[in-house]
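# Chain and residue survey
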Amino acid sequence: MQTTAFVILVLNSVSLINCGSDSFTEELFIKPLYTDHIYTHFHFSTIWDTDLQTEQFKHTHLFPRALGEIIKRHNVQELHLSLTAGLWRYETWGYPITSAPPGAELWVWFKQDTENVDKNWKELANSLSGLICASLNFIDTSNSISPEYSFRPNGAVADQTLNSSYLRYSALPREIVCTENLTPWKKLLPCESKKGLASLLNSGYIYNTRYHSLSIHFRPICRDLECDVTSIEVNQYVDLVYDYLILGVRNWSIRRLFGQGILGSCPLAKSSTVYVDMSTNSSIPFDLSPEPDEFVHSIRGGYTTKFAKYRVTNETLSISVSHLENSKVLINSPPVLHANQYLTGYGQELGGIVTKLYNNHWNNLDVVVLQNIPWYVPIYLHTLKIQANGETIKPISIRYIPGKLRKRPYYVEIALRLPPRSTTSISADFEHVFLKWTEYPPDASHGFYISSSVISAMLPLTKNITGLPQGASTIADSFNRSSGSGYFVQVHTETMVVTLPTPDFSMPYNVICLACTVVALAFGPLHNITTKRLILKPESNERVVDRLKQRLFLLVNKFKLGRAERAETE
Amino acid sequence: MASLVIYLLGAFVRVWLCTSEYRNVIADRIEISTPLNSWKRVTEGLHLLDLKIYPYTGDTLHEPPLHLLAYNFVVKSCGDYLYVIFVCCDLFTSYLLYTCARKYMEHLRETQNRNKDKYAKDAMNLLLTEKDFAISPQYVAVAYLFNPYTVFNCVGFTTTVFGNFFIAAFLVGLSYGNLLFATLPLAICISQSFYPVLLISPLFLQLIMKKDSKIKGAIAVMLTVGFWIAITYLSYNLYGRWDFIENTYGFILTVPDLHPNIGLFWYFFIEMFEHFRHLFIYSFQINVTILYLVPLSIRFRKDPMLLATSLLSLTAIFKSYPCLGDVGFVISLYPCWRHLFNYVQQGFLVSCCFFVTTILGPTVWYLWIYSGSANANFYFGVTLAFATAQIFLITDILFSYTKREFSLKYGRIRKINAKVAQLTLE
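Residues numbered from 1 in each chain as written. Chains lettered and ligands numbered in written order. Predicted model: local features only at pLDDT ≥ 70, side-chain atom pairs only at ≥ 80, totals over all residues.

## So, the overall build of chain A
Scanning chain A from N- to C-terminus turns up 11 helices and 28 strands. For chain A, whose C-alpha radius of gyration is 33 Å, the value lies well above the compact-globule estimate of 25 Å for 570 residues. Taking the principal axes of its C-alpha atoms as reference, chain A extends roughly 120 × 80 × 55 Å. Of all 570 residues assigned to chain A, the portion counted as buried reaches 39%. (Helix = DSSP H or I, 4+ residues; strand = E, 2+ residues; numbered from the N terminus. Rg over C-alpha atoms; globule rule 2.2 N^0.38 Å. Buried ≥ 20, exposed ≤ 12 C-beta atoms within 10 Å, placed from the backbone.)

Right, here's the structure in full:
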């Protein structure tokens, strides 16, 4: 008994020596939005001081080993996966910490020494599909693109010259997110959902929301300012937007949101904190109870934000809010940049896709619009029209790779300068495609999804921005981090459903028979004309009945004759 | 003078429709623009060229690079007056058909005069008169100018307008037995839509018959293939890439785009069982290319013009992406055989069928695609009827031809030993 205890102790210390250089932080960020919504963001960050190039992921401590093995096997440099239900309303909610489109989105940078990127990509998607129980196995070359501008690596890169052929991006807008994805996702956390903030993620409560997004982000980061050595980081987020209408009251509390209070921090976490954004407190005053441990002020991009900070200890904590006044109607000031997307046209022959970009800033804004249009929506680039406030504008540059039936999607990336205070519409026409009958999904009239377009921009102000700067791993890192070059945001538009004309699924035999009959109608006469000779034949005036009688008579005679012959031989 | 008025009238109809608001509606009709010949796709290809994107990376464009270069030149030099090119091309086609029909009539007259003494005694009133010889070519020209199918084809700006022009040029070359004028347009046509490759056979037979030497025929075949290879090689040289082959010939032969058209392929291959797809693609392509080629070539070796017409007609029915332009072209050739119309048995049925399907096609398409109250079967039924009408027409003409041949030789009296007899094929 003693020896086993000793062995366990030794093994533990060995693993501590190997993997001791890692840390885990958990944060919960709560932000009441100006509308009747409340935004909560769970932020789990694991950093491991090891080199991605040499690490074998044989032993891990806090880092999820299942993910590590996948990263190693498929030569991944950086990986971003999100599974989302619902649509983030940029116009009223501002910007989230990470933007995600409805459905599943996966983008991966592979290492520069990857030989067959497409093969690795396909296998990686299959592995991830197994890891988090999502239908990522539908990702292949027919719906993946390599965008040149929109998805730059977030982490540290060895080589400054980036080759986007090592990048793959794909979105599955039809993917439905539910508990079967949450459970394996929680297993990647060091404390799983047993302890710490993750224990708040009860599926009975968090699916009762307007917007719900799970994500995993893996990247190498700089270990220090010189960036000679790198560490690896995996961030796991859950973004939820609750609606006061669904909650029933405006005075929310942790218990009301998640069904229970915080029952202590994860013992493996370096720090465990809850932040409540106080910026709406000035217009809709509320009281926090218990009193926060401290208030933190963050000045970023000309805007000061106040946060209430709670350190989670081993004691139970339930934060609750009581509003001081009755609800007021507030005028929402929309963020600097937001976008919409919709279909035009009627019938199932010709149609159009329109993306509308709104620039509410007083100055020009440079944006990149990325569209990944599936192969069953063939667009015509010559019909592309870009109009800002009714006037045609010229894009700074266009990247376009036309799609191919059943093989490759249409990839369009447009760099644009939006005029100040403008609405810009980008439109293109497409044709409806007729598919083979086996290519339609079981509910063929439901329609086919077109994934959302991605609009990327560097905003000069942090108005409505909660996103993290590039170097930051945690929310605490982002405080007081101003950036001269602007604040990067991505806006995902709505997904669209296009109904393609359907054949009659019950008809294959009939169609084959009828079409072959028409072919036979040509074959018969042509065969006769080309192989037979015209001759004159005496016309018989007999009626059909007589002729039949004659035939029958002949037949009977023949039969009788045969019988007689047989009788003779016998 | 009269012919000038006719041509002007033909031009007027086209220009009026081209400049009217109906042009876009006509150009978007699936019966007129197929993936293979639609001008929208050519415009897209030219736009990609302007952006320095290799136009064959996607699969919008199915015209060979050399043709695209020509279109580029035409579009750049005409601008807004592009329709002038299409209208002129169509008028020229009609004139070429007239020339070709006139030459064919001359040929008929010669044969008739040569064989007059061999004909049966009572067949004299079957012989063609001078009036017949004079009027048939005019009918051909008028049939091309005022056939709604060809008019819509021209107004829809399809590349079939150019295809028809080159086929007409080939037919002129064929009837005159001119090597260069027959082979070059034919090679251009083959590189555009592949199926005219069948027309090598009438060319070969014509040259054998006319020049009485097999070497000439062989030279014509070699020349056509040579031109074709040269065009393909030049196309390759433009970009230094071979993958346009997949987008042109590959597209025609493997039928990946199942957009509806007036042919038989689209619904058949939408509804095809996956494991039989290849088998049926092979059999349908064999059906349109070599199945009828050999027997028809043997049977009608004495009349290459008729052979060419029947091959054109059969390809217009059975090819993978047929359009009304092809059908209209073939129909306007039929007046060359005006003298056979007396023998045609299903004329009324066929004309009714053409009329009804032409009206019904767009109607059921609207019901299916726009109002959602019909389904694909309706449109499929209409295309089947349309194909059947065309089949009846061509087989009827060929039947009549053999009957007339018989009557010229054995007389018109259908009696054996004073008993009424019937003409049958056996």
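## A closer look at the overall build of chain B
Helices and strands together make up the secondary structure of chain B, namely 19 helices and 2 strands. The C-alpha atoms of chain B give 22 Å as radius of gyration, which agrees with the globular expectation for 426 residues (22 Å, within 12%). With respect to the principal axes defined by its C-alpha atoms, chain B has extents near 75 × 55 × 50 Å. Taking all 426 residues of chain B together, 47% fall into the buried category. Sequence-distant contacts in chain B: of pairs separated by 6 or more residues, those separated by 24 or more amount to 75%. (Contact = placed C-beta atoms within 7 Å.)

## Re the packing of helix H4 (residues 65–78) of chain B against helix H5 (residues 82–115) of chain B
Residues and elements named next belong to chain B. At a closest axis distance of 8 Å, the pairing of H4 and H5 adopts a crossing angle of 125°. Of the possible angle classes, the one that applies to H4 and H5 is oblique. Between H4, through Val74, Val75 and Cys78, and H5, the contact on the second element is made entirely by Leu82, Val84 and Ile85. Residues belonging to the contact of H4 with H5 are distributed by class as follows: 6 nonpolar, no polar and no charged. (Axes fitted to C-alpha atoms, helices over the stretch in contact; angles between N-to-C directions. Parallel < 35°, antiparallel > 145°, perpendicular 65-115°, else oblique. Nonpolar A, V, L, I, M, F, W, Y, C, P; charged D, E, K, R; others polar.)

## As for the sheet that holds strand S7 (residues 211–222) of chain A
Residue and element names in this part refer to chain A. Pairing in this open sheet of 11 strands is mixed, and the strands run S5-S6-S4-S3-S7-S8-S2-S1-S10-S13-S12 from one edge to the other. A strand with exactly one partner marks an edge of an open sheet, and here the two such strands are strand S5 (144–145) and strand S12 (294–300). Docked against the sheet, helix H4 (residues 117–132) engages strand S3 (76–85), strand S4 (103–110), S5 and strand S6 (167–172), running at close to 135° with respect to S4. (Pairing = 2+ DSSP bridges.)

## Observations regarding the nonpolar core
With 240 residues, the main nonpolar core has Val367(A), Leu97(B) and Phe170(B) as its most contacted residues. A total of 14 residues in this core trace back to one element, the largest contributor, which is helix H19 (residues 376–410) of chain B. Among the domains, domain 1 (22–328) and domain 2 (337–451) of chain A are the pair contributing at least three residues each to this core. Ignoring anything within four residues of it in the chain, the contact list for Val367(A) reads Leu337(A), Leu357(A), Leu416(A), Leu418(A), Ile455(A), Ser456(A) and Ala457(A). (Core = buried A, V, L, I, M, F, W, Y, C linked by C-beta atoms within 7 Å. Domains from an automatic or database assignment.)

## Regarding the interface of chain B and chain A
Facing the 57 residues of chain B at the interface are 47 residues of chain A. Only helix H3 (39–50), helix H13 (265–270), helix H15 (293–299), helix H18 (347–370), H19 and strand S2 (419–425) of chain B provide two or more residues apiece to the side of chain B that touches chain A. The dominant element in the side of chain B that touches chain A, judged by the number of residues it contributes, is H19(B), at 13 residues. Strand direction decides the pairing type here: strand S28 (residues 534–538) of chain A and S2(B), joined by 5 bridges, are antiparallel. Note that in S2(B) the partner of Leu534(A) across the bridge is Leu425(B).

## Concerning the pairing of strand S13 (residues 303–311) of chain A
Residues and elements named next belong to chain A. Bridge count for strand S10 (residues 271–277) against S13 is 5 bridges, and the pairing is antiparallel. Of the residues in S13, the one forming a bridge with Thr273 is Arg311. Here 7 bridges tie S12 to S13, and the two strands are oriented antiparallel to one another. Each residue of the ladder has a partner; that of Ile299, found in S13, is Thr304. Between S12 and S13, which follow one another and run antiparallel, lie 2 residues, and Gly301 among them has a positive phi close to 50°.

## Focus: the domain arrangement of chain A
Residue and element names in this part refer to chain A. According to the domain assignment, chain A contains domain 1 (22–328) and domain 2 (337–451). Facing 15 residues of domain 1, the contacting portion of domain 2 comprises 16 residues. At the level of secondary structure, the elements contributing two or more residues to the side of domain 1 that touches domain 2 comprise helix H3 (90–93) and S6.

## Thoughts on the sheet that holds strand S23 (residues 422–431) of chain A
All names here are of chain A. As summarised here, the arrangement of the 5 strands in space is S16-S17-S23-S19-S20, forming an open sheet in which the pairing is antiparallel. The sheet is open, and its two borders are formed by strand S16 (337–344) and strand S20 (391–392), each paired with just one other strand. Sheet analysis places strand S17 (residues 350–359) next to S23, joined by 10 bridges and oriented antiparallel. Of the residues in S23, the one forming a bridge with Tyr358 is Thr423.

## Regarding helix H8 (residues 160–176) of chain B
Counted at 1.5 Å a residue, the expected span for H8(B) with its 17 residues is 24 Å, and the 24 Å between its end C-alpha atoms agrees. Just downstream of H8(B), Gly177(B) is the residue with a positive phi angle, here 70°. (Expected span 1.5 Å × (residues − 1).)

## Looking at the packing of helix H1 (residues 2–19) of chain B against helix H7 (residues 148–155) of chain B
Residues and elements named next belong to chain B. Relative orientation of the contacting elements H1 and H7 amounts to 45°, with a least axis distance of 9 Å. Considering their axes alone, H1 and H7 lie oblique with respect to each other. H7 is crossed by H1, and the crossing has right-handed handedness. Facing H1, whose interface residues are Val13, Arg14, Leu17 and Cys18, H7 presents Val151, Cys154 and Val155. Considered class by class, the residues forming the contact of H1 with H7 number 6 nonpolar, no polar and 1 charged. (Left-handed = near helix turned anticlockwise from the far one by under 90°.)

## Structural notes on the confidence of the model for chain A
Predicted coordinates in areas of low pLDDT are best not read in detail. The predicted model of chain A has a mean per-residue pLDDT of 89, with 95% of residues at 70 or higher. Confidence drops under a pLDDT of 50 for residues 1–19 of chain A, and excluding neighbours within four residues, the segment shows 6 contacts in the predicted structure. (pLDDT = per-residue confidence, 0-100.)

## Side note on the environment of Glu565(A)
With respect to the element layout, Glu565(A) can be found in helix H11 (residues 544–569). The sequence separation of Glu565(A) and Ser425(A) amounts to 140 residues, and the corresponding C-alpha distance is 95 Å.

## A word on the environment of Phe165(B)
Residue and element names in this part refer to chain B. Mapped onto the fold, Phe165 is located in helix H8. Among the residues examined, Phe165 registers 23 C-beta atoms within 10 Å and is labelled buried. Phe165 sits 78 residues away from Asp243 along the chain, and the two C-alpha atoms are 27 Å apart. Contact partners of Phe165, with chain neighbours within four places excluded, come to Cys89, Phe92 and Thr93.

## A closer look at the confidence of the model for chain B
Here chain B shows a mean pLDDT of 92. Residues at 70 or above account for 100%. For this predicted complex, the interface score ipTM comes out at 0.93, alongside a pTM of 0.89.

## Overview of unusual backbone geometry
All names here are of chain A. Cis peptide bonds are those with omega within 30 degrees of zero, and the linkage from Ser289 to Pro290 qualifies with -5°. Of note, Pro290 is situated in the loop between strand S11 (286–289) and S12. Of note, the phi angle at Phe57 is positive, near 55°, even though the residue is not glycine. Relative to the helices and strands, Phe57 resides in the loop between strand S2 (37–48) and helix H2 (65–73). Positive phi, normally seen in glycine, also occurs at Asn75, with a value near 60°. In this fold, Asn75 is placed in the loop between H2 and S3.

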